[in-house]
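# Coordinate analysis (summary)
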Amino acid sequence: MISVEQHLDRILGTVKVIRPFEQGVLDAQGCILAEDVRARGSLPGFTNSAMDGYAVHARDVSSATPESPVVLPVVNDIAAGNTSALSLAQGQTMRIMTGAPMPHGADAVVPVEATDGGVVRVQIRERSVVGQHVRELGEDVEAGSVVLKRGTLVGPGQIALLAAAGVPRLRVVPRPRVVVISTGDELVDVGTTPAFGQIVDSNSLMLTAAVTAVGATPFRVGGIPDDARVLMQTLEGQLVRADAIITTGGVSMGAFDTVKEVLSRVGTMQFDKVAMRPGMPQGFGLLGEEQVPVFTLPGNPVSALVSFHVFVAPALRAMAGRPEPAYPPGYVPAVAAEPFTSVPGKMEFVRVVLEDDRARLAGGQGSHMLGALAAADALAVIPESVSAVQAGDPLECLPLLGREGQ
Ligand code: AMP
Ligand code: MG
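None of these values were measured; they are calculated from a predicted model. Each chain has its residues counted from 1, following the order in which its sequence is written. Note on labels: chains are lettered from A, ligands numbered from 1, in written order. Where totals are concerned, whole chains, interfaces and linings use all residues; where local detail is concerned, this predicted model gives features only for residues with pLDDT of at least 70, and gives and counts side-chain atom pairs only at 80 or more. Water and hydrogen atoms play no part in the side-chain values, which are based on all heavy atoms of the structure.

## Thoughts on the pairing of strand E13 (residues 177-183)
Relative accessibility thresholds used throughout: buried, under 20% of the residue-type maximum; exposed, over 50%; partly exposed, between the two (1.4 Å probe, protein chains only). Strands here mean DSSP runs of E at least two residues long; helices mean DSSP runs of H or I at least four residues long; both are numbered from the N terminus. The buried fraction of E13 is high, at 6 of 7 residues. As judged from the 7 bridges shared by E13 and strand E16 (residues 217-224), these two strands associate in the parallel manner. Bridged to Ser182 within E16 is Gly223. A pair of strands counts as paired when DSSP detects no fewer than two bridges linking them. In this sheet, strand E17 (residues 244-248) lies alongside E13 in parallel orientation, the contact comprising 5 bridges. Its bridge partner being in E17, Ile181 is matched across the sheet by Thr247.

Spelled out as structure tokens, the structure:
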């Protein structure tokens, strides 16, 4: 028996960051930048108005007050999108809209609220100073400067900056492409009514959703029978398009545990008993020419989802180039709302409902119990040394993917 930490260390010591790849700016969402990115142009790209109002020479309106307004002739209108090079003579004004280019010579904008809104002649009731309500060329970003550093996680704000700075494509660590395969003679696909002795393959849907939730790209193969040839053929077919493969089922001590039987002899696959509950039987290794990481998870759905959170999610994040610490990955503190027991010698992952920071059992803790799994917000992680938890004891919880906002 090995510890959870030993198994995770072996996995994280084996997986590699995926080779960077040039992507369109929108496809970089959720990815880590593989290079420093420089702005192709300045932001703003031209000096423009920050308000709807009147472009002026500040000197012309330096004495304006509500009691003695300055009156100026309005010689033009400038809307956002106007591309002509205009010039403003002293003693004149132009109506200007937010984002419209400042005419040459003008050095301030008087907001429309400080005027009578005239279109031929305008009364200006407020003095202005040079630069007021003007967005200067390059005040935000200088052309040629590094705007985002290698290692940055790209989100909506970064995408806006890249687009505005004239960067349509960039090198990022791609999202891992993850193939999900379930094994078991008893499986039927969702939408098919199971006959006596059959069950719906919920694992492949659950893990496909989990892969999406960690920002990777899933390919769901679905259920295959407990058959050595079908398994090998399926794996060989999938290895070409996968950065990682997840299988479920067939890794325990049963008579038809094909995954373990077949893969024990292949690549660097290694099958271990890990001191955890649920999720004890685990397999991991590299398969194929491209040395694709393969995670063989146990078949019970709760075991499979716990294994995903504890081993697969940190590995996928590492492959995506994310710097976050893999262990313990984002635990949150809570307090036990009720007493419960825990098996000594194993790290236990207890499905709990969180109410503020109070954790109560989500229901039956059997590793086949989907009702309790679906009710849970988090896994309370009970160390090997603990055999009983009292109400009021502090707990470390691992939030379940997609339940963080509950
Ligand atoms: P195994 O690890 O193959 O021995 O499976 C353990 C338990 O998990 C059995 O009760 C299986 O029926 C169940 N199981 C296996 N694969 C799936 C699946 N894809 N979806 C739902 N339950 C499964
Ligand atoms: Mg099975």
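## Remarks on the sheet that holds E17
The mixed open sheet is built from 6 strands, whose spatial order is E16-E13-E17-E21-E20-E18. With partners counted over all chains shown, the strands left at the sheet margins are E16 and strand E18 (270-273), one partner each. Between one strand axis and the next, the sheet turns by 15° as a mean value, whatever way the strands run. Residue contacts are defined here by distance: any two heavy atoms, one from each residue, within 4.5 Å place the two residues in contact. Fitted lines through C-alpha atoms serve as axes, helices being fitted only where they are in contact, and the angles separating the N-to-C directions of these axes extend from 0 to 180 degrees. Here helix H1 (residues 4-14) sits on the sheet in contact with E18, strand E20 (281-287) and strand E21 (292-297), set at roughly 15° to E20.

## A few points about the nonpolar core
To qualify as a nonpolar core, a set must consist of buried Ala, Val, Leu, Ile, Met, Phe, Trp, Tyr and Cys residues joined through side-chain atoms within 4.5 Å. Counting residues in each nonpolar core, the largest one holds 45 residues, and the members touching the most others are Val4, Ile246, Phe295, Phe308, Phe311, Leu316 and Phe349. Here the element with the most residues in this core is helix H6 (residues 301-319); it accounts for 12 residues. How far each domain reaches was decided by an automatic or database domain assignment. Mapping this core onto the domain boundaries places at least three of its residues in each of domain 1 (4-18 + 175-319) and domain 4 (332-399). If we skip the residues at most four places from it in the chain, Phe349 touches Val4, Met276, Arg277, Pro278, Val306, Val310, Gln365, Leu379, Ala380 and Val381.

## Focus: the sheet that holds strand E12 (residues 169-173)
Taken in spatial order, the 3 strands of this open sheet run E1-E12-E2, and their pairing is antiparallel. Unpaired on one side and paired on the other, strand E1 (21-24) and strand E2 (32-33) mark the two borders of the sheet. Here E1 runs beside E12; their pairing, made up of 4 bridges, is antiparallel. Along E12, the bridge assignment pairs Phe21 with Val172.

None of this, on its own, says anything about what the molecule does.
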